[in-house]
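Inside the fold
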Amino acid sequence: IVRTLIPVFIVMGLAAASYRIASSFTTTYLTEFFGLSIESANFTLAVMMVVGTVGSIVGGTLVDKFGEKNTVIIETVMLGVLSFASVCISNIYFLSGIMCIMGFFLLGVWPSFYSVIARATSLGARAFMYGLIFAVAWSFGSFFPYLSGACADIFGLQVIYILIAVLSLIAAFTVYFTFKK
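A brief structural summary.

Conventions we followed
Residues numbered from 1 in each chain as written. Predicted model: local features only at pLDDT ≥ 70, side-chain atom pairs only at ≥ 80, totals over all residues. Heavy atoms only, no water. Helix = DSSP H or I, 4+ residues; strand = E, 2+ residues; numbered from the N terminus. Rg over C-alpha atoms; globule rule 2.2 N^0.38 Å. Buried < 20%, exposed > 50% of the residue type's maximum accessible area, 1.4 Å probe, protein only. Expected span 1.5 Å × (residues − 1). Patch = residues over 30% accessible without salt bridge, like charges linked within 9 Å, V, L, I, M, F, W, Y side chains within 5 Å. Areas by Shrake-Rupley, 256 points an atom, 1.4 Å probe, with all protein chains shown as cover. Salt bridge = Lys/Arg side-chain N within 4 Å of Asp/Glu carboxyl O. Phe/Tyr/Trp six-rings, centres within 6.5 Å; stacked < 30°, edge-to-face > 60°. Lys NZ or Arg CZ within 6 Å of the ring centre and 35° of its normal. Core = buried A, V, L, I, M, F, W, Y, C linked by side-chain atoms within 4.5 Å. Contact = heavy atoms within 4.5 Å.

Check the secondary structure of the protein chain and you find 8 helices and 0 strands. Listed by position from the N terminus, the elements making up the protein chain come as α-α-α-α-α-α-α-α. Relative to its length of 181 residues, the protein chain is compact, with a C-alpha radius of gyration of 16 Å against a globular reference of 16 Å. For the C-alpha atoms alone, the extent of the protein chain along its principal axes is close to 50 × 30 × 25 Å. For the protein chain, the proportion of its 181 residues judged to be buried stands at 50%.

Here you go:
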């Protein structure tokens, strides 16, 4: 059970970190780098999160069809690619669309994690493991707004999406080498 769940801890932590960075800095990035109003930037973030809820539903369906490993790899690689691409986009409308699609992948991975936990634990321990892994992942992710903010102060706001991309690709490699098919 430990060999199965340690990689889940790691990947969930990376996913939580990516989510926390995106939710903390997207509006700042859109207002300061592209001159959007706070209202428009927050609307983009809201749509990003709503699209993410759809991603969770679709992600659960994909897990049932293709398995946890394949689903998480596809979703984390797509998040990484879109994050890298977002730093190259200068059209605010196209960028806002890409960011909304990123929400799909930011939240779409979570059903896979819950599936792995359910498969690896007995019914009596399952709720405890959900809580423990959730607490560890989100605690880990909570440090990343600070760390990414420090990096953004040094390298500029675009670095936040490079960090999301790097974290996502690390998650994909971790899943590839540690999750069972």
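To continue, consider helix H8 (residues 159-178). Taking 1.5 Å per residue, 20 residues should reach 28 Å; H8 reaches 28 Å between its end C-alpha atoms and fits that length. The set of residues buried in H8 consists of Val159, Ile160, Tyr161, Ile164, Ala165, Leu167, Ser168, Ala171, Ala172, Thr174 and Val175.

Quick look at a nonpolar patch on the surface now. A cluster of nonpolar side chains, namely Phe84, Ile162, Val166 and Ile170, defines an oily patch on the protein surface of about 290 Å² accessible area. Broken down by element, the nonpolar patch gets its largest block of residues, 3 residues, from H8. Locating Ile170 in the fold gives a position in helix H8. Overall, Ile170 belongs to the partly exposed group, its relative accessible area being 39%.

Under the criterion given, the structure shown has 12 aromatic pairs. Between Tyr19 and Trp138, the aromatic rings sit 5.3 Å apart at their centres with planes inclined by 80°, giving edge-to-face as the arrangement. Residue Tyr19 is found in helix H1 (residues 2-34), and its partner Trp138 is found in helix H6 (residues 123-142); the two are separated by 119 residues along the sequence. In this structure, Tyr19 and Trp138 share a single accessibility class: buried. It is Lys69 that lies over the ring of Tyr176; its NZ or CZ is 5.2 Å from the centre.

Turning our eyes to something else, we now look at the nonpolar core. Among the nonpolar cores identified, the biggest contains 56 residues, and Val8, Tyr29, Leu30, Trp110 and Phe113 are the most heavily contacted of them. Listing elements by their share of this core, those giving two or more residues are H1, helix H2 (38-66), helix H3 (68-86), helix H4 (92-108), helix H5 (110-120), H6, helix H7 (144-155) and H8. If near-sequence neighbours (up to four positions away) are discounted, Val8 is found in contact with Phe113, Val116, Ile117, Ile133 and Phe179.

Within the secondary structure, Leu95 sits in helix H4. Of the residues examined, Leu95 reaches a relative accessible area of 0% and is grouped as buried. Separated by 13 residues in sequence, Leu95 and Leu82 place their C-alpha atoms 9.8 Å apart. Excluding anything up to four places from it in sequence, Leu95 contacts Tyr29, Leu30, Phe34, Ser86 and Ile89.

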